[in-house]
Amino acid sequence: MKNILVMIADDLGRDLGYFGNRCAVTPDLDRLAAESISFDNAFCTTASCSSSRAVIYSGRQNHEIGHYGHEHGINHFSTFNGTVTMPSVFNQHGWLTGIIGKVHVRPETVYPWSMRMEGDGRDVLSVAERAKVVFDTAKQTMQPFHLTIGFQDPHRARGRKSFANETDWPGVTKRVFAPDEVEVPSFLPDLSEVREELAEYHQAVNRLDQGVGMVLRQLAEAGLDHETLVLFISDNGVPFLNAKSTLYAAGCRLPFLIRVPGGPQGIRNPNFVSFIDIFPTLIDWAEIRGEFEQLRGRSLLPILDKETIQPDRKSVFGSHTFHEVTNYYPVRSLRTPSFSYLKNVLWKADFPLASDIYGSLTFEAVRSTAPHKIGQRSIRDFFQRAHEELYDIVADPDETTNLASDPAYQDVLIDMRLQVEEWQRLTADPWLFKDGVSWLSNNYHEEHGLELPECHDTWLPDQRSD
């Protein structure tokens, strides 16, 4: 019998020992990685918790399904009724579906997990105990299971620098990190406040690692590990400047481990894959057949053992619109092995910070410490962005030198711009703006002779050239 276990971390970057982070203490995840295929160029489509999960569960872009940002509180985003989702499909085919910990999508009618066990995703011992309930129930009912676990680490907690490490979590061995033993990634400045918060972050990562180990041991003790596909991902990048809520690499390039029973192990797969590929992969492995043309991704099963980039796996698109409802900054992107392109739809506005990052010690230190840089990017360039950004990610992996206005790169810019616009049309993106208006809202005029001009910003008389 086949089963599926999906584990989703909350705001985890590629900060595992397996990926070369020398200060990470992640033995259980490193062990899982060694038994899995690791996609080294895996990207979420939107760097925000709630909307990213909606993409994972639907296999479609968030701008297609209405889940533009957070679902909780005043934000109130939700997925359109009638959207096909993982739990609805697996329910229909007789699987036991469950979710534990963080859910963060709505409405329940669209995401109808049959066993819904919410609760604190940081209490990893409780998470593992709830997972055992699902495993035991599946064995008793003789059903295959599709279980999703939403861990809550290493998301920030409510305090200024808190990652919930002040709590004595049951069953967890605390691993405290000193600020001088952490690595400061190149997209952040090496300031004492940054190191202090990174130390807290890594402690939360270690707690997550212990939780993953607990769940996998429960799976093995239930005798189900050799027939269960295990997927481990994060929803978006680390909760720091230049990362979470941005489509720069630190915000969207994430861990993606997939352990397939009887499949290859220990492969570092370089192909470009997107979170929209997860749903098609799981129904393919489960041998569920049906009409799934609405899914945007493609199954990864045919390329699991590939150690070179395949011709049709050289790019991924990104679509970010909201984080919190007050963090409105629509960005569309395209990423290849050589370049990243970002189109900032609302580029004349300042970039809005997520509330947890705004209140961080890191941001306070950056804004008060000359030369006011976030890694190699100036704080001004972070908040006041160009309409289009183009980066040579081979020479400039931190994406700090914008080549969009460089004549030597105009062919690359135009090609990537056109690819993004074609993809926006294909996915009926409301934020494909032409002449300051939405193409989706105005294209019906084209039937009556209107030609929307090929300009990429609001037309003003003193800007237009003959």
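Placed above this text is the structure.
First things first, this report covers the structure right here in the doc.

Conventions and cut-offs
Residues numbered from 1 in each chain as written. Predicted model: local features only at pLDDT ≥ 70, side-chain atom pairs only at ≥ 80, totals over all residues. Heavy atoms only, no water. Pairing = 2+ DSSP bridges. Helix = DSSP H or I, 4+ residues; strand = E, 2+ residues; numbered from the N terminus. Axes fitted to C-alpha atoms, helices over the stretch in contact; angles between N-to-C directions. Contact = heavy atoms within 4.5 Å. Polar contact = N/O pair within 3.5 Å; in protein donor to acceptor, adjacent residues only side chain to side chain. Expected span 1.5 Å × (residues − 1). Buried < 20%, exposed > 50% of the residue type's maximum accessible area, 1.4 Å probe, protein only. 1 Å grid on protein atoms, 1.4 Å probe; cavity = no way out; pocket = protein on both sides within 12 Å on 5 of 7 lines; lining within 4 Å. Points joined across faces, edges and corners; volume = space filled by probe spheres on them. Nonpolar A, V, L, I, M, F, W, Y, C, P; charged D, E, K, R; others polar.

Turning our eyes to something else, we now look at the sheet that holds strand β14 (residues 388-392). The strand order across the open sheet formed by four strands is β9-β10-β11-β14, and the pairing between neighbours is antiparallel. Among the strands making up the open sheet, the edge pair consists of β9 (316-322) and β14. Adjacent strand axes in the sheet meet at a mean angle of 15°, parallel and antiparallel pairs treated alike. Docked against the sheet, helix α12 (residues 410-426) engages β9, β10 (328-335), β11 (339-344) and β14, running at close to 60° with respect to β11.

This brings us to the side chain of E389. Looking at the element boundaries, E389 is found in strand β14. Only 2.8 Å separates the side chain of E389 from the side chain of Y248, close enough to count as a polar contact. Here the side chain of E389 touches Y391 through a polar contact of 2.4 Å, side chain to side chain. If we skip the residues at most four places from it in the chain, E389 touches Y248, S340, Y341, L342, N344, N402 and A404.

Quick look at helix α5 (residues 124-141) now. End to end, α5 covers 26 Å across 18 residues, agreeing with the expected 26 Å (1.5 Å per residue, within 8%). Looking at α5, one finds that the buried residues are V124, S126, V127, A128, R130, A131, V134, F135 and A138. Buried residues along α5 sit against β3 (96-101), β4 (115-118), β5 (145-150) and α6 (192-221). Two residues or fewer past α5, M142 is found with a positive phi of approximately 55°.

What follows concerns the sheet that holds β5. Strands sit in the order β4-β3-β5-β1-β6-β7-β2-β8 across an open sheet of eight strands; the sheet is mixed. The two strands at the open ends of the sheet, each matched to only one other strand, are β4 and β8 (267-274). Strand after strand, the sheet turns through a mean of 15° between neighbouring axes, direction not considered. Sheet topology note: the strand β1 (residues 3-9)/β5 ladder contains five bridges and is parallel. Counterpart to I4 in the pairing with β5 is H146.

The next thing to look at is the layout of surface pockets. Of the volumes computed, that of the largest pocket is approximately 790 Å³. Taken together, 32 residues form the lining of the largest pocket, with F187, A249, A250, R253 and D398 sitting closest to its centre. Elements that contribute at least two residues to the lining of the largest pocket include exactly β2 (37-43), α6, α7 (249-252) and β8. With three residues, α6 is the single largest residue contributor to the lining of the largest pocket. Tallied by class, residues from the lining of the largest pocket come to 15 nonpolar, eight polar and nine charged. A volume near 530 Å³ is recorded for the second largest pocket. In terms of lining residues, the second largest pocket is bounded by 24 residues, among which H72, H155, R158, S355 and D356 are the most central. Split into classes, the residues belonging to the lining of the second largest pocket amount to three nonpolar, twelve polar and nine charged.

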